[in-house]
Amino acid sequence: MRRIVAKRLLGAVVQIVLVTLLAWFLFYVIARFTGATPAQRIAGKNATRQQIELVTRLLGLNKPYWEQYLIFLNHLVHGNLGFSYVQMRPVSAIIWPATRATASLVLGAAVVWLLIAAPIGGYGGLRPRSAGDIAGRAVAILGMSIPVFWLAPMISYFFGYQPTQGELLGLPVLPVGTSIFPIGGYVDFGQDPAAWAYHLILPWITLAIGLAAVYIRFIRTLTAEQLAEDYARTAKAKGASTTRVLIRHVGRNIAPAVTVLLGADIATALTGVFFVETVFGIPGLGFTGLSAIENLDYPVITGVILVAAVIAVIANTIVDLLHSVLDPRLRRIGGP
Amino acid sequence: MSKGAEKKVDLSANEGRSERVMRKRRISLKRPGVALAATAVLLVAACGSGGNGSNGGSNGGSNGSGPPKPGVATGTLLGAMSSGAIDSMDPNRWWFAVTWGLANALCTTLVRYADKPGVAGTDVVPGTANLPKVTDNGLVYTFTMRPGARFSDGQPITPADVKYSFERLMNPKVATGTGGYFTDLIGASAYMAGKANNIPGITTTASTISFHLSEPDGAFLYKTALPTTCPVPVGTPMKPIEDGSLEMKYASGPFKIASYSPSRQLVLVFNKNYDQALGVRGHVAKIVFTIGDESTQAVLQIQAGQLDFQTSNLATADIIKLSQNKALAAQVHDSPRPSLTYIFLNNEVPPLNNVLVRKAINYAVNRTAILAQWGGPLAGAPSDQIIPAGQADYKKYTIYPNTPNLAMAKKLMTQAHVKLPVTLVLRTQNDTPGFINMAQVIQANLKPIGINVKIIGTPNSVNSSFIVNPKAHVPLGIEPWSLDFPDGESIINTGLDPSQPNAPPNMARWGDKAFIPSFTHVLGLQGAARVAAYEQLDEQVMAQQAPYAPLFNPKWYDFVSSRVGGYVYSEAMDAINYNTIYIK
Amino acid sequence: MTAEMQAIELDAAAQGGARPVGLRITALRRLRRDPVSMAALSLLVLLVLAALVGGPLAAKLTGHGPDQQFANALAANAQPIGIMQRTYLPNGTTHNPHGSLFILGADALGRDTLVRVLYGARISLLVATSATALALIIGISLGLLSGYLGGWVDAVVNRLTETAMAFPNLLLAVGIAVVIGPGLLNVVIIIALFTWYYPARIVRGATIATKGMTFVAAARTVGAGNRRILVVHLLPQVWGPLLVYGTSIIANNIIFEAGLSYLGVGVPPPTPSWGQMLSDAVTSNMYQADLTLALAPGLALVLTMLAFNLLGDGIRDALDPKAGGR
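Residue indices follow the written sequence of each chain, beginning from 1 at its first position. Numbering of ligands from 1 and lettering of chains from A proceed in the order in which they are written. For this predicted model, a pLDDT threshold of at least 70 governs which residues receive local features, and a threshold of 80 or more governs which side-chain atom pairs are given and counted, while totals over whole chains, interfaces and linings are taken from all residues.

**Re the overall build of chain C**
Here a helix means four or more residues in a row that DSSP labels H or I, a strand means two or more in a row labelled E, and each is numbered from the N terminus. Summing up its helical and strand segments, chain C has 13 helices and 2 strands in all. Remark: C-beta atoms are placed from the backbone, and a residue is labelled buried if 20 or more other C-beta atoms sit within 10 Å of its own, exposed if 12 or fewer do, or partly exposed between those counts. Taking all 326 residues of chain C together, 55% fall into the buried category. Considering only residue pairs separated by 6 or more positions, chain C has 70% of its internal contacts joining residues 24 or more positions apart. Residues are treated as contacting if the C-beta atoms built from their backbones sit within 7 Å of each other.

So, in structure tokens, the structure goes:
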């Protein structure tokens, strides 16, 4: 067991190194060939050749690639994610607050989608092909099919803006000036927890809809499988009430699988939520990364990719380790 | 709660994914410094020009419906700006439209522009100094400092401080974008090349500062009002200071920075150490900018009463909606801008090197339809001239039509003997939907004359780095250009200097040597002669050479909350004037 | 998406051995008997038809090309005409009773929305299916290679796959697209680059499992060649999960392309793609002036996704009824 863990951890470290190499390669090396280099960008549009060369030297961009990469790694190890010349401040000062904002969004949404998915999925698994199950699956499929970049502006428009004009879903049924939800904006948790939550309600719901759909199906499948297992049937035969069986045994058995998936999804979500962030004005990782790309702010781009990838690697490592522990079959086949 | 602040919208126009509102300012080619893109000139003229404005209305309190008493500033305005709106917070470096709007509130330059709407807002009035005495046949400008000129920490602004500020803006280590305008200042070129450590052409006495030029410069007065000449105290470090600290301690305008959190928030507060005797300006106690708001969302928030103003161009859809809603008419403001949106035709890329082809393009583009994609008649007026309408040196001539004259265009193409069809790349920014739409109209316009346009849209900063690079040989591009100051020099000489076809701002790579003498000659002219010369030059360049296909002069269509009073858009700064706003 | 993929992987791993040959026939029969799947299939057939002929047909009937800009479809204040309205008279405010009819209205440039939605089906399907095909090719090859050769090749490819999976998808895709520029081919390649992971893992797992099977070793001693092993032993394990994956990933790729277009790095204009149309409507706020502009491509996307998802579900249930809880 310990060998597996050690091997996996080593693998994770190797992965992180690979990730840094790829990220750095993409944005420092390839960009050169498109003429949109960091030096050019920082030196500015009207820079002369001498200006660009000066900046190149200052940034150390004229050193051989491997040396640049080593310097980059060295900085990383010391927690220095680089310096953004576009914003004129250290990358870590940009990324950590952004990570907090995205974490607020994603983790809150995770709670919402689990709260939605667990009962619906559980019910569906419990009573397959009942009306409730079919309704749940229909809702899930629908939720999975709606692109989030469409959903976000629609939700903001219909539930944030229209009430203020006295309309609800297009019908003039509310008094003008009703403010049910703010149209956008973000307040730090530290500043005002109540406002923080209030501004995040619509974004949480937007993000949760798509993922709740996926989890409804997943939990339903798992629940149905569990209920078909011998132990569940035995418990019911012994007279245990359905709900008790469901929650105690099934819930406990599917929790690991769901947690494992949750970890992976949260890791992915941490940088995939920029549609929601952009529409609702949440200054998170996705939004920061996207702005950085559009501004050719390479240090920030690399920083965001790194943070995201490291989180993903960590999450995946935990997931895989849990997997090997939980599923003996995989251990035999040779591990993840 | 105050909600409205006027939004300044940068040229980046509409919401798009990230509002990179950038105003491009064309800097003189001779400037070797580092330039950031567009500076928004916020000529936020304070109410009344010069003197003690008796703009204070009949009521003294700011809770009344009229402007408050001079020196009384109350209330908080809430504004939103896009995440790319601020290029720099260093007062000698900034260049974007939105930042020049801030500059107008945070700084008082030697002379400044009047706080009036429209073309009256391009009149020069005293700032920290009186209007200069010009002697020696236009070679020496002497400014006498006015008694109330002070930094926000209470220290007086001395001529030595002003000289230091000018040197700082030209210092190669600070790397600003406007140094190139001062190359005729004696000793400036050597200083900008790093070969000298001060500028002998600027001399000071206890109460005056003089500028000695090597040759006459008809626009020099305007240059001393550039927001990059914002005064800083002697001894300010000669490197970029981007944390806003300079304008926290040393603001010289009616506002100073209270806090700045990059990409998050900027807070301005009323500067009590600004002497209202310099000009009655500033009627709001606090302005809070939220950075990162999309313009489309911001408009919804303003309508909902959750925000006061925003600083980006409005989307066509918003313009349509607002113009149809009579109830909001009082909150909508339509103002002229010193700006031209045009297509540059790269003279180094065949067949655009053929003047007949360039003229044909000017006959083939549908200026009205292109403007419709920008927002329609409320958002601008078609133009086939270089200098924007409304400028003093603009005189209307008509060479190319607003709707296509296909017959003429085809005739010219035939005369040009060019092998057709030909494919040309058109590059434009795509973080603003208006541009890609305009590009598609142009694509449809040029197809009938045998030019197949391939559109490449990239985010603004990527797009810029391609089009300013002569080696990239970008054939066509749609560009917005805002004048740095209200004079033809800042568009004709800066953007089309025929002696420097490879300079970054000369995206048309135009280098017709025959025009060099007239371009050089006009710079030294003054007054009526200068105006006439630019009018003529504009017409000659477009009639004979057509290096551009001018499209339209955009207008500033803005929407603010009902609390906002005293809204003025500065035509000299091309930005909202924060100094005139009061809360109703 | 991830949940589905993990589930498919677990399924594939859990299969372990070969399926009975008759499963394919039974699966097909089960599929045919499921009304929902059949409905989804018909919807998809309709979609393919629309993609193939719908666009040109609509263009012919209405007389509007997909890229044709009608200046008189915009009012004087630039507002596009709505559903079932005719073009304007030159004054820009009254409709021309003899003007051209726009069934779903026009977009911001005066182009026919209906025609563009139908042409958009082409692009969306084309990009999604070619990207999926490319992803499958890459994934299957790498999976086979690493599973069969084992050793350090396997280790390297595995690490590569996991590292690639760790990258933030959309962000990186946008970054790459900004660097290499727009274009149809570029979009296909970029999308494929982010979707080959799961096929690779599925095939790899199955290959390893096949390698380890005792009767394979036995078959080899009798002289069975690699090809026979592939077809008889490996294929049955993977075609199920790959089919399910394929259908759901096509759907996802449609959204991926739409997302890329939304961010401005997808198919270059004026080519209509649903994502492009949606993005134009939303980012410019034009949907507030005319909701059809967002509803038309949005509904098209939702319906397509629905069809693919339902079909994918149906296939999965047909292959392995236990998973569906039946």
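Picking up after the structure, the text goes on.
**Things to note about the confidence of the model for chain C**
Residue and element names in this part refer to chain C. Each residue carries a pLDDT score, the predictor's own confidence in it, on a scale running from 0 to 100. Per-residue pLDDT for chain C averages 80, and the proportion of residues at 70 or more is 84%. Mean pLDDT per element in chain C: helix 1 (residues 2–15) is the minimum at 54, and strand 2 (residues 101–102) is the maximum at 90. Confidence drops under a pLDDT of 50 for residues 15–21, and excluding neighbours within four residues, the segment shows 7 contacts in the predicted structure.

**Observations regarding the confidence of the model for chain B**
Residue and element names in this part refer to chain B. For chain B, per-residue confidence averages 85 on the pLDDT scale, and 89% of positions sit at 70 or higher. Confidence, read as mean pLDDT per element, is least for helix 12 (residues 460–467) in chain B (80) and greatest for helix 8 (residues 355–364) (96). Ignoring residues within four places in sequence, the model shows residues 1–63, a span with pLDDT below 50, making 352 contacts including any to other chains.

**Thoughts on the sheet that holds strand 8 (residues 255–261) of chain B**
Residue and element names in this part refer to chain B. A strand pair is defined by DSSP finding two or more bridges across the two strands. One open sheet holds the 5 strands; their spatial order is 8-9-10-1-11, and the pairing between them is mixed. The open sheet terminates on both sides in strands that have one partner only, identified here as strand 8 and strand 11 (309–310). The axes are straight lines fitted to the C-alpha atoms, using for helices just the contacting stretch, and the angles between their N-to-C directions are given from 0 to 180°. Helix 1 (residues 97–106) rests against strand 1 (76–81), strand 8 and strand 9 (265–270) of the sheet, and its axis sits at about 135° to strand 8.

**Here's the deal with the packing of helix 8 of chain B against helix 10 (residues 406–416) of chain B**
A packed helix pair is summarised by two numbers, namely the angle formed by the two axes and the spacing between the axes. Residues and elements named next belong to chain B. As a packed pair, helix 8 and helix 10 sit with axes 8 Å apart at the nearest point and diverge in direction by 165°. The pairing of helix 8 with helix 10 is recorded here as roughly antiparallel in orientation. Judged by the twist between their axes, the crossing of helix 8 over helix 10 is left-handed. Contacts between helix 8 and helix 10 involve Leu-356, Val-357, Lys-359, Ala-360, Tyr-363 and Ala-364 on the former and, on the latter, Leu-406, Met-408, Ala-409, Leu-412, Met-413, Gln-415 and Ala-416. Throughout this entry, Asp, Glu, Lys and Arg are counted as charged residues, while Ala, Val, Leu, Ile, Met, Phe, Trp, Tyr, Cys and Pro are counted as nonpolar. The remaining residues, Gly among them, count as polar. Class assignment of the residues belonging to the contact of helix 8 with helix 10 gives a composition of 11 nonpolar, 1 polar and 1 charged. Each angle receives one of four descriptions, namely roughly parallel if under 35 degrees, roughly antiparallel if over 145, roughly perpendicular if within 65 to 115, and oblique otherwise. In this scheme the handedness of a crossing depends on how the near helix is turned from the far one: anticlockwise by less than a right angle means left-handed, clockwise means right-handed.

**Focus on the nonpolar core**
Ala-212, Val-304 and Ile-305 of chain A, Ile-343 of chain B together with Val-174 of chain C are the most contacted members of the largest nonpolar core, which has 345 residues in total. Sort the elements by how many residues they give to this core and helix 8 (residues 193–228) of chain A lands first, with 17 residues. Not counting the four nearest positions on each side in its chain, Ile-343 of chain B is found in contact with Ile-442, Leu-476, Gly-477, Ile-478, Tyr-548, Ala-549 and Leu-551 of chain B. What makes a nonpolar core is a set of buried Ala, Val, Leu, Ile, Met, Phe, Trp, Tyr and Cys residues, with links drawn between C-beta atoms within 7 Å.

**Some thoughts on unusual backbone geometry**
All names here are of chain B. Look at the link from Pro-350 to Pro-351: it is a cis peptide, with omega at -5°. The omega torsion across Leu-420 and Pro-421 is -5°, close enough to zero to call that bond cis. Along the polypeptide, Pro-421 turns up in the loop between helix 10 and strand 15 (422–429). Backbone geometry at Asp-136 places phi at a positive 60°, although glycine is not the residue there. In this fold, Asp-136 is placed in the loop between strand 4 (133–135) and strand 5 (140–144). Among the residues examined, Asp-136 registers 11 C-beta atoms within 10 Å and is labelled exposed. A positive phi is found at His-473, a non-glycine position, where the angle reads about 50°.

**As for the sheet that holds strand 6 (residues 202–204) of chain B**
Residues and elements named next belong to chain B. The 4 strands lie next to each other as 4-5-7-6, forming an open sheet whose pairing is antiparallel. Single-partner strands in this sheet number two, and they are strand 4 and strand 6. With direction set aside, neighbouring strand axes in the sheet form an average angle of 20°. Note that strand 4 and strand 5 share 3 bridges and pair antiparallel. Within strand 5, the position partnered with Val-134 by the bridge is Tyr-141. Strands in contact with helix 2 (residues 159–170) are strand 6 and strand 7 (208–212); relative to strand 6, the strand with the most contacts, it is inclined by about 165°.

**Digging into the interface of chain B and chain C**
Reports of interface size often rely on the accessible area that becomes lost once the parts have come together. Listed per partner, the contact involves 32 residues of chain B and 23 residues of chain C. If you list the elements that add at least two residues to the side of chain B that touches chain C, you get helix 7 (316–324), helix 9 (367–374), helix 11 (433–446) and strand 16 (451–458) of chain B. Element by element, the count of residues in the side of chain B that touches chain C is highest for helix 11 of chain B, at 7 residues. Of the residues in the side of chain B that touches chain C, the class split is 13 nonpolar, 14 polar and 5 charged.

**Digging into the environment of Asp-265 of chain A**
Residue and element names in this part refer to chain A. Structurally, Asp-265 can be placed in helix 10 (residues 242–272). Exposure remark for Asp-265: the 22 C-beta atoms within 10 Å place this residue in the buried category. Between the C-alpha atom of Asp-265 and that of Leu-142, which follows or precedes it by 123 residues, the distance is 19 Å.

**What about helix 12 (residues 285–294) of chain A?**
A large share of helix 12 of chain A lies buried, amounting to 10 of its 10 residues. If you check which residues of helix 12 of chain A are buried, you get Leu-285, Gly-286, Phe-287, Thr-288, Gly-289, Leu-290, Ser-291, Ala-292, Ile-293 and Glu-294 of chain A.

**Some words on the pairing of strand 17 (residues 476–482) of chain B**
Residue and element names in this part refer to chain B. With 7 of 7 residues buried, strand 17 is to be regarded as a mostly interior element. A two-sided burial pattern is seen for strand 17, the buried positions comprising Leu-476, Ile-478, Pro-480 and Ser-482 on one face and Gly-477, Glu-479 and Trp-481 on the other. Where strand 13 (residues 339–345) and strand 17 come together, 7 bridges link them in antiparallel fashion. Within strand 17, the residue paired with Ile-343 across the bridge is Ile-478. Examined bridge by bridge, strand 15 and strand 17 share 2 bridges and lie parallel to one another. Within the sheet, the bridge partner assigned to Arg-427 lies in strand 17 and is Gly-477.

**Some words on the packing of helix 11 (residues 274–283) of chain C against helix 13 (residues 292–319) of chain C**
Residue and element names in this part refer to chain C. Put simply, helix 11 and helix 13 touch, their axes get as near as 8 Å, and they point 150° apart. The crossing of helix 11 and helix 13 is left-handed. Contacts between helix 11 and helix 13 involve Trp-274, Met-277, Leu-278, Ala-281 and Val-282 from the first element and Leu-293, Ala-294, Pro-297, Gly-298, Ala-300 and Leu-301 from the second. By residue class, the composition of the contact of helix 11 with helix 13 is 10 nonpolar, 1 polar and no charged.

**A closer look at the environment of Leu-311 of chain C**
All names here are of chain C. Along the chain, the position of Leu-311 falls in helix 13. In this structure the C-alpha to C-alpha distance between Leu-311 and Leu-44, which are 267 residues apart in sequence, comes to 8.9 Å. Setting aside residues no more than four positions away along its own chain, Leu-311 makes contact with Ser-37, Ala-40, Leu-41, Leu-44 and Thr-247.

**Re the environment of Phe-274 of chain A**
All names here are of chain A. When you line up the elements, Phe-274 lands in helix 11 (residues 274–280). Phe-274 gets classed as buried once you count the C-beta atoms within 10 Å, which come to 28. Separated by 11 residues in sequence, Phe-274 and Leu-285 place their C-alpha atoms 7.7 Å apart. Residues contacting Phe-274, with those up to four places away along its chain left out, are Gly-286, Phe-287 and Leu-290.

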